[in-house]
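Geometric and topological summary
Here are the chains, one letter per residue:
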Amino acid sequence: MSRIGNTFRALKAQEKTALIPFITAGDPDPELTVPILHALVAAGADIIEMGVPFSDPMADGPTIQRASERALHYGVGLKDVLAMVAEFRGTNTTTPIVLMGYANPIERMGYAAFAAQAAAAGVDGVLTVDIPPEECIGLADALAAYSIDMIFLLSPTTPASRIKLVAQRASGFVYYVSLKGVTGSANLDLDEVASHIPVIRERCGMPVGVGFGIRDAATAHSIAQFADAVVIGSRIVQEIESSPREQLVDNLSRFVRSIRVAMDTK
Amino acid sequence: MKVGELPDEHGHFGPYGGIFVAETLIAALDALRCEYELARKDTAFMAEFRYELKHYVGRPSPIYHAKRWSEHLGGAQIYLKREDLNHTGAHKINNTIGQALLARRMGKKRVIAETGAGQHGVASATVAARYGMECVVYMGAEDVKRQSPNVYRMKLLGATVVPVSSGSKTLKDALNEAMRDWVTNVESTFYILGTAAGPHPYPMLVRDFQSVIGEECLVQMPEMMGRQPDAVIACVGGGSNAIGIFYPYIGHPGVRLIGVEAGGDGIETGRHAAPLSAGTPGVLHGFRSYLMQDENGQIIETHSISAGLDYPGVGPEHAWLKDSGRAEYVAISDDEAMQAFHDLCRFEGIIPALESSHALAHAAKMAPGMDKDQVLLVNLSGRGDKDINTVAQISGIVL
């Protein structure tokens, strides 16, 4: 079983929900990324989503757009991101890493080359925002050859009939986008989200993570009652953006720990 | 798979096209595809579309023989398809009417659009006013500066113009922002995409609405001079005016189809907007096609004198037409386009758009090497009034 599968199984045994923080690789600068990854794990992260910087992040709000721009300022590309994962794996062989990004950097490297290099670096899952199941065959086959999970988004606009199609292609977990809109938007309707999750879990037969719009400990606590994983992105990137470089890791750790505590409170 | 029978049901033109979008938009694209399938078979819908093209746009647009310029060039005869004479001054209105009628059919009261030169923004604001819809136009902050007359026209027509300051502040960034708006407001909003690009069904839908250009030419050319032209030439940014005039000619193998990209400072400088001439395939804005990108797959900034051609991608059907060999693609530099711009002003009394000037410049290159009885048909896709500030600036003149 994959590192992602093992993680969810172990958490289930402890009756805990997975905490999945998101950071953009190379934000605020490439030297800090691996220290940030280790700090996130120490503060209670179970899985980490690493954003691959892209010049045209169509599905992201302004906060994550700016994170991409900061990383691109240092020329951080997909190869650099894989090198960061490999460095992280030097001292952490248990925490799953999911790469999240857009199709083109992977297209450019080539599906087979990407899958081989991602596996060698120690990547566990790949979520490509703009590759829906209909267009995923080539990448899915390449990733499957290295047992890397392919993770897909489900949204409030996904019809029931489509959830099955997504489930056929997905592995590891599925990621439910808890609101219509780009990353970091406001106005999360908790009841609406809560009503969808059991149906999706039933149809997909795998863990369901919830993300987009989770900004504080209280919301994380509520989501943790019904979801298998809580994904926090824009709010963490904001912490990175607003912290002086020397306090950044401490601030981030404090914030993630507060989320962890809230999620584990029954 | 035969050229001209594409896309397939998933929106593929060979390896190009497709639907590369976030899950949130899949349902909206599905709904649009289904609605368009019904609309195109609905005689009342198509009749209304044709009525609007005739009475509101002023179609058919004439074909004009540019005799004096042809004589000056000393070779082939150049004919111009006068899309510049359409209401709003460019071919863009053909598509915005079609999409606005679809929006109304789907009960959407709010439309959004992206724009580069501002022509599509103006055409969208125009139809939104015509059908009583709210309209928001996203435009790169750089383009807002370059095309201030069009910004004001949109405002006069009641649209809200939102300057986009992310990335290179041009058309691609406006498109990103329009997509973000659509993801957020997908239930109330219809996205009027301006070019034959984006996720399926847009490339097909825009092509179909713009094909009126080529369909008219097929009838008009034999009427005017007894036969079809030897070549059809059109500028290509996203590629909507080009696919509009090319598509009906695909089944006429005797007619060469030549797309002209923006060569900027010259292909060899890397400062251009010519993905078909010097790019590589990739995925951007919901579809696979040729792109301007670096070795990491990041989209690189484009350069062109013409805001409407300043785009790092190109419609997927053009990528397919290039690979299949049915159409040829060349690049024309800023300087060459400027020369053609001035020539058409002086020899024919027509101020062409800087976009269309690229197609004109290529015709001017080809004509002298051809016989006097050969014919080049150029799509004069828009008028150049919007560009006079840019041209004056280049000439060192303060208006």
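Refer to the structure above for everything that follows.
Residues numbered from 1 in each chain as written. Chains lettered and ligands numbered in written order. Predicted model: local features only at pLDDT ≥ 70, side-chain atom pairs only at ≥ 80, totals over all residues. Heavy atoms only, no water.

Considerations on the nonpolar core
Grouped together as the largest cluster of nonpolar side chains are 90 residues, with contacts concentrated most on Leu102(B), Trp182(B), Tyr191(B), Phe246(B) and Leu377(B). Counting residues in each nonpolar core, the second largest holds 74 residues, with Ile23(A), Ala25(A), Ala170(A) and Val193(A) among its members. (Core = buried A, V, L, I, M, F, W, Y, C linked by side-chain atoms within 4.5 Å. Buried < 20%, exposed > 50% of the residue type's maximum accessible area, 1.4 Å probe, protein only.)

With respect to unusual backbone geometry
Cis geometry is found at the peptide bond from Arg59(B) to Pro60(B), where omega equals -5 degrees. Cis geometry is adopted by the peptide bond preceding Pro201(B), which originates at His200(B) and carries an omega value of 10 degrees. In this structure, Ser147(A) takes a positive phi of about 55 degrees despite not being glycine. Its location among the elements puts Ser147(A) in the loop between helix H7 (137-144) and strand E5 (149-150). A positive phi angle, close to 55 degrees, is found at His285(B), a residue other than glycine. With respect to the secondary-structure elements, His285(B) resides in the loop between strand E12 (280-284) and strand E13 (287-291). For His285(B), a relative accessible area of 2% gives the class buried. (Helix = DSSP H or I, 4+ residues; strand = E, 2+ residues; numbered from the N terminus.)

Comments concerning the interface of chain B and chain A
Listed per partner, the contact involves 38 residues of chain B and 36 residues of chain A. Summed over both sides, the interface between chain B and chain A buries roughly 2900 Å², with carbon and sulfur atoms accounting for 48% of that surface. Looking only at chain B, the three residues that lose the most surface to chain A are Glu23(B), Arg180(B) and Gln298(B), adding up to 24% of its buried area. Between Glu23(B) and Arg162(A) there is a salt bridge, and its shortest N-O distance comes to 2.8 Å. Mapped onto the side of chain B that touches chain A, the elements with two or more residues apiece are helix H1 (23-40), helix H8 (171-184), E12 and E13 of chain B. (Contact = heavy atoms within 4.5 Å. Buried area = accessible area lost by both parts, 1.4 Å probe. Salt bridge = Lys/Arg side-chain N within 4 Å of Asp/Glu carboxyl O.)

Overview of the packing of helix H14 (residues 334-348) of chain B against helix H15 (residues 354-366) of chain B
Helix-helix packing is described using two parameters, namely the angle between the two axes and the distance between the axes. Residues and elements named next belong to chain B. It is at 7 Å that the axes of H14 and H15 come closest, and there the two elements cross at 90 degrees. Taken together, the axis directions place H14 and H15 in an arrangement best described as roughly perpendicular. Where H14 approaches H15, its residues Glu336, Ala337, Met338, Ala340, Phe341 and Leu344 are matched on the opposing element by Leu354, Ser357, His358, Leu360, Ala361 and Lys365. Of the residues contributing to the contact of H14 with H15, the split by class is eight nonpolar, two polar and two charged. (Axes fitted to C-alpha atoms, helices over the stretch in contact; angles between N-to-C directions. Parallel < 35°, antiparallel > 145°, perpendicular 65-115°, else oblique. Nonpolar A, V, L, I, M, F, W, Y, C, P; charged D, E, K, R; others polar.)

Notes on the environment of Gly172(A)
All names here are of chain A. Relative to the helices and strands, Gly172 is located in the loop between helix H8 (160-169) and strand E7 (174-177). Separated by 164 residues in sequence, Gly172 and Phe8 have C-alpha atoms that sit 8.8 Å apart. If sequence neighbours within four positions are ignored, Gly172 has contacts with Ile4, Phe8, Asp149, Met206 and Pro207.

A word on the packing of H1(B) against helix H9 (residues 202-210) of chain B
All names here are of chain B. It is at 11 Å that the axes of H1 and H9 come closest, and there the two elements cross at 30 degrees. In terms of their interaxial angle, H1 and H9 are classed as roughly parallel. Here H1 runs over H9; the crossing is left-handed. In contact with Leu29, Leu32, Tyr36, Glu37 and Arg40 of H1, H9 contributes Tyr202, Met204, Leu205, Asp208 and Phe209. (Left-handed = near helix turned anticlockwise from the far one by under 90°.)

Section: the sheet that holds strand E1 (residues 18-24) of chain A
Residues and elements named next belong to chain A. Judged by pairing direction, the sheet is parallel, and its nine strands sit side by side in the order E5-E4-E3-E2-E1-E9-E8-E7-E6 without closing on themselves. Edge positions in the open sheet fall to E5 and strand E6 (153-154), since each of these has one partner strand only. By the bridge criterion, four bridges tie E1 to strand E9 (residues 229-232) in an arrangement that is parallel. Each bridged residue has a counterpart across the sheet, and for Leu19 the counterpart in E9 is Val230. (Pairing = 2+ DSSP bridges.)

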